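Now for the letters of each chain:
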Amino acid sequence: MQPSEFLRLVARGRWIILIAAAVGLVMAIIVSATTATKYTASTEIYFSASGGPEGQDLAYASTYAQARIPNFKALAKSSSVLEPAAAQAGGELTAGELGAELSVSTSLTSTVIGISVTDASAETAAAAANAVSTILIEQVGKLEKPGGDAPSPIEGTVVSAAGVPDSPSVPSWPLNLIVGLIAGLIVGVGSVIVREMLAAIRAADANGS
């Protein structure tokens, strides 16, 4: 089908396309309005390993810290972090609930761990995210600490504390409306094309008979 033919086809079926687009928008509005509102608060922790003044020592320390990140990610979802973090956050969430609302992100090229908590309360989400970060740093310090009085070779620093979010992360009205509109347009155009194909088939059958 040539572009000019497609444009003429769309023009002939414009009302079908417009109605389908409107239905898509209405469905998006309904879904957005009935979806429970939730807020997401995020914080970031930078982990570094101690190294000597030599460049080789610093490179080794960086590699060592990077290798430990997957373990720290798993630790963030463990009960040793979730239970004290839930209590420190004010007791609004149990450890199990916090674990279900917690998201931990890492990168293959950095030693930064992202902590995100999604909850129906913006204040609870922020408090929980900050609590998880604090407890995770404490647990890493304990577990990585060698015997005796030697300090832990791994140190965690919060580089971006979680603030109370101003707007909800769910539902995303702009995204839902865009998806609804596009879906409606696709259905409308598809319906017009199918209608034209069926009309062409009927016309061919009529001519053949």
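Reference entry: report on the structure contained in this document. (Residues numbered from 1 in each chain as written. Predicted model: local features only at pLDDT ≥ 70, side-chain atom pairs only at ≥ 80, totals over all residues. Heavy atoms only, no water.)

What follows is about the sheet that holds strand 3 (residues 112-119). What the four strands build is an open sheet, ordered 2-3-1-4; its pairing is antiparallel. What marks the edges here is a single partner per strand, and that holds for strand 2 (102-105) and strand 4 (154-160). Between one strand axis and the next, the sheet turns through 25° on average, direction left out of account. In terms of strand pairing, strand 2 meets strand 3 through four bridges, oriented antiparallel. Across the sheet, the residue bridging to Ser105 is Gly114, located in strand 3. In the packing of helix 6 (residues 122-144) onto the sheet, contacts are made with strand 1 (39-49), strand 2, strand 3 and strand 4, and the angle to strand 1 comes to roughly 20°. (Pairing = 2+ DSSP bridges. Helix = DSSP H or I, 4+ residues; strand = E, 2+ residues; numbered from the N terminus. Axes fitted to C-alpha atoms, helices over the stretch in contact; angles between N-to-C directions. Contact = heavy atoms within 4.5 Å.)

We now examine helix 2 (residues 14-34). With 21 residues, helix 2 should reach 30 Å at 1.5 Å per residue; the first-to-last C-alpha distance of 30 Å fits that figure. Residues Ile17, Ala20, Ala21, Gly24, Ala28 and Ser32 constitute the buried set of helix 2. Mapping the buried residues of helix 2 onto a view down its axis gives an arc of 110°, with all of them on the same face. Away from its buried face by more than 90 degrees, helix 2 exposes Trp15, Ile19, Ala33 and Thr34. (Expected span 1.5 Å × (residues − 1). Buried < 20%, exposed > 50% of the residue type's maximum accessible area, 1.4 Å probe, protein only. Arc of directions from axis to C-beta.)

The next subject is the pairing of strand 1. Side chains of strand 1 alternate between two faces, with Tyr39, Ala41, Thr43, Ile45, Phe47 and Ala49 buried and Thr40, Ser42, Glu44, Tyr46 and Ser48 left unburied. Of the strand pairs in this sheet, strand 1 and strand 3 are connected by eight bridges, and their pairing is antiparallel. The partner of Ser42 across the bridge, within strand 3, is Ser116. The pairing of strand 1 with strand 4 spans six bridges and is classified as antiparallel. Across the sheet, Ile45 pairs through a bridge with Val158, a residue of strand 4.

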